[in-house]
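Survey of secondary and tertiary structure
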Amino acid sequence: MQAARRRAVLGAPVEVAAVTGYGRDDDEWDQLTEAGLAFLIERARLEKTTTYTELNATLCRRTGLRGFDFEQDSERAAMGHLLGLIVDRNRPTTQLMISALVQYLNANDAGPGFYALAVELGMLPPRPSASAKQEFWIRQLNALYAFYATGRRSA
């Protein structure tokens, strides 16, 4: 999963493994990843984006697990970790970053973690310009909408 790739990239398996739990066990991450991916696919089929706040509320409602407290840096990082797990699960099927659908409340763009992951995955060059980021994000959105437009695709 995401943690395994990051371990290889960073070359520090013990430190990364300790950080990626964010106080949640593997079963919780699996539940959150599954519920989050299902919700984002629903949004893609509707050709709509969502917010971190809406995603968080949906995850709580669908899984019964505690939500992410965005007042805490570690919890914002944990949500970013979750979005990375969701991308890892979905990308082999779509070749896209489904986390493009998640935006800050009252914003018209993806968060910085989205672009950092795109660089890590080789989908964006290192240090992309603001216009390159915006174009990439729009391409991802349009490709996600097209991929899920049939309503038949689930993964």
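Everything numeric in this text was worked out from a predicted model, so none of it was measured.

1. Points about helix α3 (residues 26-45)
- Compared with an ideal rise of 1.5 Å per residue, which puts 20 residues at 28 Å, α3 spans 28 Å between its outermost C-alpha atoms and is within 8% of the ideal.
- All of the buried residues along α3 are E28, W29, L32, T33, A35, G36, L37, F39, L40, I41, R43 and A44.
- Next to the buried residues of α3 lie β1 (50-51), α4 (52-63), α5 (73-94), β2 (102-103) and α7 (130-147).
- Between the side-chain oxygen of the N-cap and the backbone nitrogen of D27 there are 3.1 Å, and the N-cap of α3 in question is D25.

2. Considering the packing of helix α6 (residues 112-120) against α7
- Contact geometry of α6 with α7 gives a least axis separation of 11 Å together with a crossing angle of 90 degrees. Of the possible angle classes, the one that applies to α6 and α7 is roughly perpendicular. Mapping the contact onto sequence places F114, Y115 and A118 in α6 and K133, Q134, F136, W137 and Q140 in α7.
- Partitioning the contact of α6 with α7 into residue classes produces 5 nonpolar, 2 polar and 1 charged.

3. Here we look at the confidence of the model for the protein
- Of all residues in the protein, 84% attain a pLDDT of 70 or more, and the chain-wide mean is 87.
- When mean pLDDT is compared element by element in the protein, α4 scores highest at 98, while helix α2 (residues 13-19) scores lowest at 40.
- Between residues 1-19, whose pLDDT stays under 50, and residues either more than four places distant or in other chains, the model counts 24 contacts.

4. Focus: the packing of aromatic side chains
- Counted according to the given criterion, the structure contains 7 aromatic pairs.
- Where W29 meets F68, the ring centres are 6.4 Å apart and the plane angle is 35 degrees; that geometry is what we call tilted. In this pair, W29 sits in helix α3 while F68 sits in the loop between α4 and α5, placing the two residues 39 residues apart along the sequence.
- Looking at W29, the relative accessible area reads 5%, which means it is buried.
- With centroids separated by 6.5 Å and ring planes inclined at 80 degrees, the aromatic side chains of Y52 and F70 adopt a geometry described as edge-to-face.

Cut-off values and rules
Residues numbered from 1 in each chain as written. Predicted model: local features only at pLDDT ≥ 70, side-chain atom pairs only at ≥ 80, totals over all residues. Heavy atoms only, no water. Helix = DSSP H or I, 4+ residues; strand = E, 2+ residues; numbered from the N terminus. Expected span 1.5 Å × (residues − 1). Buried < 20%, exposed > 50% of the residue type's maximum accessible area, 1.4 Å probe, protein only. Contact = heavy atoms within 4.5 Å. Polar contact = N/O pair within 3.5 Å; in protein donor to acceptor, adjacent residues only side chain to side chain. Axes fitted to C-alpha atoms, helices over the stretch in contact; angles between N-to-C directions. Parallel < 35°, antiparallel > 145°, perpendicular 65-115°, else oblique. Nonpolar A, V, L, I, M, F, W, Y, C, P; charged D, E, K, R; others polar. pLDDT = per-residue confidence, 0-100. Phe/Tyr/Trp six-rings, centres within 6.5 Å; stacked < 30°, edge-to-face > 60°.

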